[in-house]
Amino acid sequence: MRIGFIGLGNMGAPMAANLAKSHEVTGFDTVAKPAGIALTDSAAAAAKDADVVITMLPNGDILRAVAADIHTAMKPGAVHLDCSTVDVESARAVAAAAQDKGLAAVDAPVSGGIGGATNGTLTFMAGGPAAAFATVEPLFDIMGQKAVHCGDAGNGQAAKICNNMILGVTMIATCEAFVLADKLGLDRQAMFDVVSTSSGYSWTMNAYCPAPGVGPVSPADNDYTPGFAAELMLKDLNLSQMAAEAADADTPMGKAATALYAQFVEDEDGKGKDFSAMLPRFESRRRA
Ligand code: NAD
């Protein structure tokens, strides 16, 4: 397959490198110029002649601008596969614009981070027509270990922000429970041993425990170096609240988690730390 790859940052560069092992990849980025990938001097040039054009960009506004650029350059029937995390509305607008030009679009944000991108073990949650999903499925197999077709355009983004809203809320609940346990004189190992095998268990407790030295190795054991940075969690929580607003969904816990991560990242020292650093944050505070 001929693949155009736009957005060669932390995630895009290793994803493109994995694809380039077995496909012809041409890439473009306004800033990054990673070695080992054939580069063009515009997004349109990377998109021209490609069977699939992948975008891996920072946000919905940039995606819309790049899409307007590449859709006019792409050949009829080609697929625009967007793997960025963006708002549901932008994903659906880009898919409609692609369709108007005789192209197909799939939104497929990822879970798994830079490690997953490098090792080809990402999870993709995809929205778009079944035929387009089938076209890009072999590429998911190279870049990742699992791809779930979630339905129509935008549903990949919907799945991602719902998952990450649960993740943000659960991380906060796990961290505040640890701090309450501390103040009640409960040993953290005992807390872990009980909760990880009781009804309070969760991925944040069992697989990514925010307490250093307890449970499996996690960013907490590396001074809260990300992992998954608090500002990326805030980005996804903000997207969840944009979507909840647009869909008129009541999400009080998601709203509270968004406000807490915003405070942590914007007004406190959370930026650049793993999102599990909510634990030392709560630890340093008294009851509000
Ligand atoms: P990044 O900032 O490292 O990469 C984005 C790249 O897009 C940059 O290199 C930038 O120069 C390029 N870019 C910006 N505007 C452009 C344009 N008009 N044309 C071409 N290139 C342009 O970000 P990242 O960490 O690679 O994340 C990419 C996407 O993946 C984001 O939507 C992010 O939310 C999502 N994501 C990131 C992670 C992670 O752990 N980093 C995990 C899951 C999802």
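Remember, it's a predicted structure, so these values are computed and weren't measured experimentally. (Residues numbered from 1 in each chain as written. Predicted model: local features only at pLDDT ≥ 70, side-chain atom pairs only at ≥ 80, totals over all residues. Heavy atoms only, no water.)

Caption draft 1: Spotlight on empty space enclosed by the protein. With the rule as written, the count across this model stands at one cavity of 30 Å³ or more. Taken as a whole, the largest cavity holds about 60 Å³ of empty space. Around the largest cavity, the lining residues are H80, D82, A91, V94, A95, A105, V106, D107, G127 and A153. (1 Å grid on protein atoms, 1.4 Å probe; cavity = no way out; pocket = protein on both sides within 12 Å on 5 of 7 lines; lining within 4 Å. Points joined across faces, edges and corners; volume = space filled by probe spheres on them.)

Caption draft 2: Representation of the state of the cysteines within the structure. In the structure shown here, the tally under the stated rule is zero disulfides. The cysteine C162 is free of any disulfide, with C150 supplying the nearest cysteine sulfur at 10 Å. On the basis of relative accessible area, C162 is assigned to the partly exposed category, the value being 47%. The thiol of C175 is not disulfide-bonded; the next cysteine sulfur, from C209, is found 8.6 Å away. When its relative accessible area of 0% is taken as the criterion, C175 is described as buried. (Disulfide = S-S within 2.5 Å. Buried < 20%, exposed > 50% of the residue type's maximum accessible area, 1.4 Å probe, protein only.)

Caption draft 3: Spatial organisation of the nonpolar core. Of all hydrophobic cores here, the largest spans 32 residues; its most connected members are Y261 and M278. Of all the elements in the fold, those that place two or more residues in this core are α7 (155-183), α8 (188-195), α10 (230-247), α11 (252-267) and α12 (278-283). Ranked by the residues each element gives to this core, the list is headed by α7, at seven residues. In contact with Y261, other than residues within four places in its own chain, are G168, M171, I172, A230, M233, L234, L237, F275 and M278. (Core = buried A, V, L, I, M, F, W, Y, C linked by side-chain atoms within 4.5 Å. Helix = DSSP H or I, 4+ residues; strand = E, 2+ residues; numbered from the N terminus. Contact = heavy atoms within 4.5 Å.)

Caption draft 4: Spatial organisation of α8. Among the residues of α8, R188, M191, F192 and V195 are the ones counted as buried. The buried side chains of α8 occupy one side of the element, clustering within an arc of 95° when seen end-on. (Arc of directions from axis to C-beta.)

Caption draft 5: Here's a closer look at the sheet that holds strand β6 (residues 104-107). The strand order β3-β2-β1-β4-β5-β6 describes an open sheet built from six strands, whose pairing is parallel. Strands at the two margins of the open sheet, each flanked by one partner only, are β3 (38-39) and β6. Here strand β2 (residues 24-28) runs beside β3; their pairing, made up of two bridges, is parallel. Of the residues in β3, the one forming a bridge with T26 is A38. (Pairing = 2+ DSSP bridges.)

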